[in-house]
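Residue strings, one per chain:
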Amino acid sequence: MNIDRFKHEHRDILGQIATLRQLAHSDGEHNATAIAQGIVAMSSTIKLHLAVEDRLLYPALRQGADAELARLGEQFQREMGAIAAAYMDFARRWNTPERVRTDAEGFRADANTVLRHVYERMQRENRDFYPRIEAEEALAH
């Protein structure tokens, strides 16, 4: 399993989060259209990323020789459920310019919480999970 695809998607999502934060902190009300468009775009990227992890990455880990890595994969997949659900709720709440414009402060507060959880989770995968998978792949070759 080539982990580079997942790392690349993480870089894209982290970049999208940074852009949303910048837009929200500079002037969320005036940037409402760009914010809503960014949320819609990021939602598509996140949905695709999660689907590929669920269909390819986690099953490959379960079928692999390393039981500890399979257990770690199950733990990461389980934990992601709550984070993904919170993000999808967030995206539904703030996917139109009108909603962002009407409650720019509410959007900022919600974004600070939800996007921080997504950001922290991806950093944890980049730091603790993907290198473990790469190490196992290196041993297998």
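As the structure is a computational prediction, the values presented were derived from the model and not from experiment.

Asker: Break down helix α3 (residues 67–93) for me, with residues and values.
Answerer: The terminal C-alpha atoms of α3 lie 40 Å apart, and with 27 residues this matches the ideal 39 Å at 1.5 Å per residue to within 8%. Of all the bends in α3, the greatest, near 25 degrees, is centred on Gly 81. The N-terminus of α3 is capped by Asp 66, whose side-chain oxygen sits 3.0 Å from the backbone nitrogen of Glu 68.

Asker: Which residues make up the side chain of Glu 125, and what values go with them?
Answerer: Its location among the elements puts Glu 125 in helix α5 (residues 104–140). On the basis of relative accessible area, Glu 125 is assigned to the buried category, the value being 2%.

Asker: Report on the pattern of salt bridges, specifying residues and quantitative values.
Answerer: Following the criterion strictly, the structure yields twelve salt bridges and no others. The closest approach of N and O atoms between Glu 105 and Arg 108, which form a salt bridge, is 2.4 Å. Residue Glu 105 and its partner Arg 108 are both found in helix α5; the two are separated by three residues, about one turn of the helix. Its salt-bridge partner being Arg 127, residue Asp 128 comes within 3.1 Å of it at the nearest N-O pair. For Asp 128, a relative accessible area of 36% corresponds to the partly exposed category. What emerges from the salt-bridge pattern is a single network uniting Glu 79, Arg 121, Arg 124 and Glu 125.

Asker: Help me get a handle on the environment of Thr 33, residues and values and all.
Answerer: Relative to the elements of secondary structure, Thr 33 occurs in helix α2 (residues 32–63). As for Thr 33 and Asn 126, which are separated by 93 residues in sequence, their C-alpha atoms are 31 Å apart. Aside from chain neighbours lying at most four places away, what touches Thr 33 is Pro 97 and Arg 101.

Rules and cut-offs
For every chain, the first residue of its written sequence is number 1, and the numbers climb from 1 along that sequence. Side-chain atom pairs in this predicted model are given and counted only at pLDDT of 80 or more, local residue features only at pLDDT of at least 70, and totals for whole chains, interfaces and linings cover all residues. Values shown for side chains rest on all heavy atoms present in the structure; no hydrogens or waters enter the calculation. Secondary structure elements follow DSSP: runs of H or I no shorter than four residues count as helices, runs of E no shorter than two count as strands, and numbering proceeds from the N terminus. How far a helix is expected to stretch is found by multiplying one less than its residue total by 1.5 Å. In this analysis the local bend is the angle between axes fitted, respectively, to the seven residues ending at and the seven residues starting at the residue. Between N or O atoms, a polar contact is any pair within 3.5 Å; within protein, one atom must be a potential hydrogen donor and the other a potential acceptor, and residues adjacent in sequence are included only when both atoms are from side chains. To sort residues, take the accessible area from a 1.4 Å probe on protein chains only and compare it with the maximum for the residue type: under 20% means buried, over 50% means exposed, and anything in between is partly exposed. In what follows, salt bridge is the name for a side-chain nitrogen of Lys or Arg lying within 4 Å of a carboxyl oxygen of Asp or Glu. Note on contacts: a residue pair qualifies if any of its non-hydrogen atoms lie within 4.5 Å across the two residues.

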